[in-house]
Amino acid sequence: MQNAFFTAENLVYSCENFHLEASFSCEQNTMTSIVGPSGSGKSTVLRLIAGLEKPALETKITLDNTDITHALPAKRGIGMVFQKANLFNHLRVDDNVAYGLRCKGIKKKESRAIAADFLKKFNLEGFGSRSPETLSGGEAQRVALARTLITKPKLILFDEPLSALDAPLRKKLACEIRSLQKAFGFTGIMVTHDINEAKAVSDRIILIKDGRITWQGEASAFDEEMLGK
């Protein structure tokens, strides 16, 4: 893990009948997918990284050589994309995308202009004035990703962002996420239960079972039979 862009050392968490122990790292400008059975701890890992859950005392989380283990979620330099787009229905699409910019003090006119230019990169040109309620599931997720990327977070976490979509659209958007990752050069960690999706999006795959990492390596080397072992 030495000199890695992101590290999670002794990521330990206990709750009721569940116990998680994991250590892994990610290189800069790469995508890593975390796969495994339901209830294995995949989403818990993301929530610990994001600061939405409190880990055990022995845990250490670093990002870009900064210890963020106990930092507030908003101070970690991390963006997150969820299963649901969670757009603000009372705001236009461009104001949704520009939300993070407004929080940084950028005025509405300027933030909307930046958002409009940004939307073009997501094949959403002309969508700025629309209401989120008029968007398809795939369009909404692209808007959610644009809203996350526009603030340039150091790390983006994806918690099963495509699982609510139908199979053809999921495949298309998985390819789009990979293309955007290469174009923007962001570092990402994605939780998914779809092995084909993980392989399409990622450089590396981590397999978690019952709160333990049982395999990690290059995405191309992952065999779906490992899920059953």
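The coordinates are above.
Predicted, not measured: the structure shown is a model, and the values here were computed from it. (Residues numbered from 1 in each chain as written. Predicted model: local features only at pLDDT ≥ 70, side-chain atom pairs only at ≥ 80, totals over all residues. Heavy atoms only, no water.)

Concerning helix α5 (residues 137-149)
Helix length check: α5 (13 residues) gives 19 Å between terminal C-alpha atoms against 18 Å at 1.5 Å per residue, within 8%. Most of α5 is tucked away: 12 of the 13 residues are buried. Those residues of α5 lying buried are G138, E139, A140, Q141, R142, V143, A144, L145, A146, R147, T148 and L149. For α5, the secondary structure elements touched by its buried residues are β6 (78-81), α2 (93-97), α4 (108-120), β7 (155-159) and α6 (167-184). (Helix = DSSP H or I, 4+ residues; strand = E, 2+ residues; numbered from the N terminus. Expected span 1.5 Å × (residues − 1). Buried < 20%, exposed > 50% of the residue type's maximum accessible area, 1.4 Å probe, protein only. Contact = heavy atoms within 4.5 Å.)

A word on the packing of aromatic side chains
One pass over the structure, following the stated rule, counts 7 aromatic pairs. Ring geometry for F118 and F184: centres 5.5 Å apart, planes at 55°, overall tilted. With F118 in helix α4 and F184 in helix α6, this residue pair connects regions lying 66 residues apart in the sequence. On the basis of relative accessible area, F184 is assigned to the partly exposed category, the value being 30%. Here the aromatic residues F118, F122 and F184 are joined through ring pairs into a cluster of three or more. When the ring centre of F88 is taken as reference, the NZ or CZ atom of R147 above it lies at 5.1 Å. (Phe/Tyr/Trp six-rings, centres within 6.5 Å; stacked < 30°, edge-to-face > 60°. Lys NZ or Arg CZ within 6 Å of the ring centre and 35° of its normal.)

Brief notes about the side chain of R170
Examined against the element boundaries, R170 turns out to sit in helix α6. At 3.5 Å, the side chain of R170 and the side chain of D194 are in polar contact. Ignoring any residue separated from it by four or fewer positions in sequence, one finds R170 in contact with L162, S163, L165, T192, H193, D194 and E197. (Polar contact = N/O pair within 3.5 Å; in protein donor to acceptor, adjacent residues only side chain to side chain.)

Description of the side chain of K42
Along the polypeptide, K42 turns up in helix α1 (residues 42-50). No salt bridge is formed by the buried K42; its nearest oppositely charged neighbour, E160, is found at 4.9 Å. Looking at K42, its side chain comes within polar contact range of the main-chain oxygen of G36, at 3.0 Å. A polar atom in the side chain of K42 sits 3.1 Å from the backbone oxygen of P37. (Lys, Arg positive; Asp, Glu negative; His and termini not counted. Salt bridge = Lys/Arg side-chain N within 4 Å of Asp/Glu carboxyl O.)

Digging into unusual backbone geometry
Even without being a glycine, N65 presents a positive backbone phi close to 65°. Structurally, the position occupied by N65 is in the loop between β4 (60-63) and β5 (66-67). Despite not being glycine, N123 has its phi angle at roughly 55°, a positive value. Tracing the chain through its elements places N123 in the loop between α4 and α5. Judged by its relative accessible area of 58%, N123 is exposed.

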